[in-house]
Amino acid sequence: MLVDAANLSELSRRSFLRFAAAASAVAAVPILTEAHLAHAQRRKSMWDIPHDAVRIDANENPLGPCSGACASISSLIPEGGRYDYDLTEKFVNTFCAIEGLKAEYVLPYAGSSEPLHYTVLAFTSKDKPYVTADPGYEAGMRAATLNSAKVIKVPLTATHSHDVKAMAAADPNAGVLYICNPNNPTGTTTSRAEIEYALANKPKGSVLLIDEAYIHFSDTTPSLDLVKADKDVIVLRTFSKVYGMAGVRCGLAIARPDLLDKIQYYGMNSMPIMAVAAATASLQDKDIVPLRKKINTDIRTETFEWLTANNYSFIPSETNCFMLQTNRPGKEVMAAMAKRNVYIGRVWPIMPTYVRITVGTRSEMQKFQVAFKEVMSTSSTAGLDMPPLPRCLRDNPFTHLS
């Protein structure tokens, strides 16, 4: 199709107005991330964390990027003044070749929080509720609320999987059913059969948003084949977890092109070249996922054995985080642990006496054990508490983390 100058100008004007309107909507919706939510649980006096602190509160991977990713980042520093779009194309093509996907089914983002929020904006409204697990990752709930959409929280089952029957039946007009699999914060999984039930029984016109941020730590079945089959599914992936790139920022939305078009409407930007190069190198390292999965599993198992031996209750997990029973207000325990230079958390309202623990290094988990035993041996932690979400996180847009 040939486009003359006049038509091109008109197309450009309409495109600008379209994206300007979308940008106005996005500006009203703070994109809260795991980093923000963890940071918000700390007292103001705790924001300057000592260099030697144990930080197991934000589901970060202490191993950081793999050696190939680090080398890619270093080599590109002189190119920092260029956009280098070809690196993003190489990243997408590498992922598609590994997963057997078409390139038009994949959109890269600086983390996975942006496509999560944009999906909520695109498919929910005051007439189309957002359905999620409880406890579950909170970012989508916040986006839905600011989008004037009703939030329906469905408690997990007795085995801590998503109650897909209750979620599918929660509201006949639901716009998004959000399944984080494995789930954040419990680290528990929802079976493939349950995912398929949710897909088959969800309200007509809704989308199933499957967040696979923690998929590599577990043995649960991924859902990318549902995308290949052109189902009403949007799958999110991030390089923040097993790949250790939380601070480098890279993620993906994977879905049918028409679904991606709807979420792309709310935000578009060039990708950080060092992030996509590091992600490409990570994908090309065939050993990184099994190696890091084993390291995480071994340390998590050792931690569970210690907790069991000391009669502490927890929810068994398949990822790099788990929920730990404190038998007292969890926020008090968080504050008491911070006084011992160990940062844990956070707490979900439905489980006020549980705290979420990130699996750190072996050394970090040993320090956690010493501090936790000290805190739990005290008769009370009353008077210690964490603040509510700061106003700066409630009112300002954050579009740069995951």
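Treat the numbers as computed from the prediction; the structure is a model and nothing was measured.

Trainee: Quick question: what am I supposed to make of the packing of aromatic side chains here?
Mentor: The relation between two aromatic rings is expressed through the spacing of the ring centres and the mutual angle of the planes. The final tally for this structure, using the stated rule, is 12 aromatic pairs. The interplanar angle of 75° and the centroid separation of 5.0 Å between the aromatic rings of tyrosine 312 and phenylalanine 372 together place this pair among those described as edge-to-face. Of the two residues, tyrosine 312 is situated in the loop between α12 (288-309) and β9 (314-315) and phenylalanine 372 in helix α14 (residues 362-377); the sequence distance between them amounts to 60 residues. Residue phenylalanine 372 is classed as buried on the basis of its relative accessible area, which comes to 0%. Clustering of aromatic rings is evident, with ring pairs tying together Trp306, Tyr312, Phe368 and Phe372.

Trainee: Looking at this structure, I do not really get the confidence of the model for the protein chain. What am I missing?
Mentor: A low pLDDT score tells you not to read the predicted coordinates there in detail. Across the protein chain, pLDDT averages 88, with 83% of residues at or above 70. Confidence drops under pLDDT 50 across residues 1-21; counting only partners more than four residues distant or on other chains, this segment forms seven contacts. Under a pLDDT of 50 for its full length, residues 392-402 has, in the predicted model, 38 contacts with residues more than four places off or in other chains.

Trainee: Even after reading the chapter, I still don't get the pairing of strand β2 (residues 106-109), so can you show me in this structure?
Mentor: When a strand is regular, its side chains alternate between the sheet's two faces. The alternating pattern of β2 places Val106 and Pro108 and Leu107 and Tyr109 on opposite faces, both of which are buried. Where β2 lies against strand β8 (residues 251-255), four bridges are found, and the strand directions are antiparallel. The partner of tyrosine 109 across the bridge, within β8, is glycine 251.

Trainee: Even after reading the chapter, I still don't get the nonpolar core, so can you show me in this structure?
Mentor: Phe91, Leu208, Phe239, Cys250 and Ile254 are the most contacted members of the largest nonpolar core, which has 50 residues in total. Top element by residues in this core is helix α11 (residues 273-284). It accounts for seven residues. In this view, isoleucine 254 contacts Phe95, Leu101, Tyr105, Val106, Leu224, Val227, Val233, Ile234, Val235, Arg237 and Leu260; residues no more than four positions away in its chain are not counted. With 27 residues, the next largest nonpolar core counts Leu209, Ala255, Leu259 and Tyr266 among its residues.

Trainee: Sorry, what's going on with the environment of glutamine 325 here?
Mentor: Topologically, glutamine 325 is positioned in strand β10 (residues 321-325). Along the primary structure glutamine 325 and methionine 351 are separated by 26 residues, whereas in three dimensions their C-alpha atoms are 8.9 Å apart. Here glutamine 325 is in contact with Ser313, Phe314, Thr353, Tyr354 and Phe372, once residues within four sequence places are set aside. A polar contact is formed between the side chain of glutamine 325 and the backbone nitrogen of asparagine 327, at a distance of 2.9 Å. Engagement of the side chain of glutamine 325 in a polar contact is seen with the side chain of threonine 353, the distance being 2.7 Å.

Trainee: I keep staring at the state of the cysteines and nothing clicks. Help me out?
Mentor: Think of a disulfide as a covalent bridge from one cysteine sulfur atom to another cysteine sulfur atom. If you walk through the whole model with that rule in mind, you get zero disulfides. Here cysteine 180 is not disulfide-linked; the sulfur of cysteine 321 is the nearest cysteine sulfur, at 8.5 Å. The exposure class assigned to cysteine 180 is buried, which follows from its relative accessible area of 2%. Classification of cysteine 321 by relative accessible area gives buried; the value is 0%.

Trainee: Sorry if this is basic, but what is going on with the environment of proline 329 here?
Mentor: With respect to the helices and strands, proline 329 occurs in the loop between β10 and α13 (330-338). Through-space distance from the C-alpha of proline 329 to that of methionine 351 is 9.4 Å; in sequence the pair is 22 residues apart. Those residues in contact with proline 329, other than ones at most four positions away along the chain, are Pro352 and Thr353.

Trainee: Can you help me understand the packing of α13 against α14 in this one?
Mentor: Each pair of packed helices can be described by the angle between their axes along with the distance between the axes. Remark: α13 packs on α14, axes separated minimally by 10 Å, with the N-to-C direction vectors making an angle of 120°. Relative to α14, the element α13 is oriented oblique. Crossing angle aside, the handedness with which α13 passes α14 is right-handed. Judged by residue contacts, Val333, Ala336 and Met337 of α13 engage Phe368, Ala371, Phe372 and Val375 from α14. By residue class, the composition of the contact of α13 with α14 is seven nonpolar, no polar and no charged.

Trainee: Sorry if this is basic, but what is going on with the sheet that holds β2 here?
Mentor: Sheets are built from strands paired through backbone hydrogen bonds, the pairs being either parallel or antiparallel. The seven strands lie next to each other as β2-β8-β7-β6-β5-β3-β4, forming an open sheet whose pairing is mixed. At either end of the open sheet lies a strand with only one pairing partner, and these are β2 and β4 (151-155). Between one strand axis and the next, the sheet turns through 20° on average, direction left out of account. With five bridges connecting them, strand β5 (residues 176-180) and strand β6 (residues 207-211) associate as parallel partners. When the sheet's bridge partners are listed, isoleucine 179 is paired in β6 with isoleucine 210. In the packing of helix α4 (residues 85-99) onto the sheet, contacts are made with β2, β7 (233-238) and β8, and the angle to β2 comes to roughly 130°.

Trainee: Whenever I open this one, the sheet that holds β9 confuses me. Can you help?
Mentor: Pairing is antiparallel in the open sheet, where three strands are placed in the order β9-β10-β12. Edge positions in the open sheet fall to β9 and β12 (354-358), since each of these has one partner strand only. As paired strands, β9 and β10 are joined by two bridges and run antiparallel to one another. Bridging from a neighbouring strand, phenylalanine 314 pairs with leucine 324 of β10.

Cut-offs applied
Residues numbered from 1 in each chain as written. Predicted model: local features only at pLDDT ≥ 70, side-chain atom pairs only at ≥ 80, totals over all residues. Heavy atoms only, no water. Phe/Tyr/Trp six-rings, centres within 6.5 Å; stacked < 30°, edge-to-face > 60°. Helix = DSSP H or I, 4+ residues; strand = E, 2+ residues; numbered from the N terminus. Buried < 20%, exposed > 50% of the residue type's maximum accessible area, 1.4 Å probe, protein only. pLDDT = per-residue confidence, 0-100. Contact = heavy atoms within 4.5 Å. Pairing = 2+ DSSP bridges. Core = buried A, V, L, I, M, F, W, Y, C linked by side-chain atoms within 4.5 Å. Polar contact = N/O pair within 3.5 Å; in protein donor to acceptor, adjacent residues only side chain to side chain. Disulfide = S-S within 2.5 Å. Axes fitted to C-alpha atoms, helices over the stretch in contact; angles between N-to-C directions. Parallel < 35°, antiparallel > 145°, perpendicular 65-115°, else oblique. Left-handed = near helix turned anticlockwise from the far one by under 90°. Nonpolar A, V, L, I, M, F, W, Y, C, P; charged D, E, K, R; others polar.

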